[in-house]
Amino acid sequence: MQNCVPGQRPDNDAGYLEMMTAIVFMSGLSRQVVMGKWEGFLAAFQGFNIDEVASFTDVDVERLSQDTKIVRYKAKIRATVDNARQMQQIAGEYGSFGAWLRNMIDKEGIDPAAAEVAKRFKYISVQSATRYFYAVGED
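Quick notes on the rules
- Residues numbered from 1 in each chain as written.
- Predicted model: local features only at pLDDT ≥ 70, side-chain atom pairs only at ≥ 80, totals over all residues.
- Heavy atoms only, no water.
- 1 Å grid on protein atoms, 1.4 Å probe; cavity = no way out; pocket = protein on both sides within 12 Å on 5 of 7 lines; lining within 4 Å.
- Points joined across faces, edges and corners; volume = space filled by probe spheres on them.
- Helix = DSSP H or I, 4+ residues; strand = E, 2+ residues; numbered from the N terminus.
- Nonpolar A, V, L, I, M, F, W, Y, C, P; charged D, E, K, R; others polar.
- Axes fitted to C-alpha atoms, helices over the stretch in contact; angles between N-to-C directions.
- Parallel < 35°, antiparallel > 145°, perpendicular 65-115°, else oblique.
- Left-handed = near helix turned anticlockwise from the far one by under 90°.
- Contact = heavy atoms within 4.5 Å.

*Asks:* Even after reading the chapter, I still don't get the layout of surface pockets, so can you show me in this structure?
*Replies:* The gaps of empty space that remain are located by a probe, the size of a water molecule, rolled over the atoms. Approximately 160 Å³ is the volume attributed to the largest pocket. Contributing to the lining of the largest pocket are Met-1, Pro-6, Met-19, Ala-22, Ile-23, Met-26, Arg-31, Met-35, Arg-131 and Ala-135. Examining the composition of the lining of the largest pocket, we find that 4 residues originate from one element, helix α1 (residues 13–26), more than from any other. For the lining of the largest pocket, the per-class residue count stands at 8 nonpolar, no polar and 2 charged.

*Asks:* Help me understand the packing of helix α8 (residues 110–120) against helix α9 (residues 126–135) in this model?
*Replies:* When two helices pack together, their arrangement is given by the angle between the helix axes and the distance between those axes. One way to put it is that α8 packs onto α9 with a least axis distance of 8 Å and a crossing angle of 115°. With respect to each other, α8 and α9 are oriented roughly perpendicular. Along this stretch, α8 crosses α9, giving a crossing that reads as right-handed. Taking contact as the criterion, the partners of Ile-110, Ala-113, Ala-114, Ala-115, Val-117 and Ala-118 in α8 are, on α9, Val-126, Ala-129, Thr-130 and Phe-133. Considering only residue class, the contact of α8 with α9 consists of 9 nonpolar, 1 polar and no charged.

Given below as structure tokens:
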């Protein structure tokens, strides 16, 4: 992991996207498979820079679905792009995705916040949102 340390709050929104992407890709796959390709993920997703990933097109998704340096699961690749766009929108409204997330957890609690994240983000269930909160130090 480049932008975050599991269990600690990321320094920037790229860390939040990176950890969310890890949670998405680990769902249904072994952690070892995903982490074994993480350097490829970092390169493929521009270090998880939210603005860069949010600008990816269908051509980029198709290209990445052929990239052997990452897990080639097209729906999850597309979800990463969609999730970056959602984070970008939230950051535009609240200053940063991290600020929005912390505020929501503080005001509403873990369970309602997990439901909101599951509603807004692709390939994130309420259960995986709760794991995500732990992974980004928001438990």
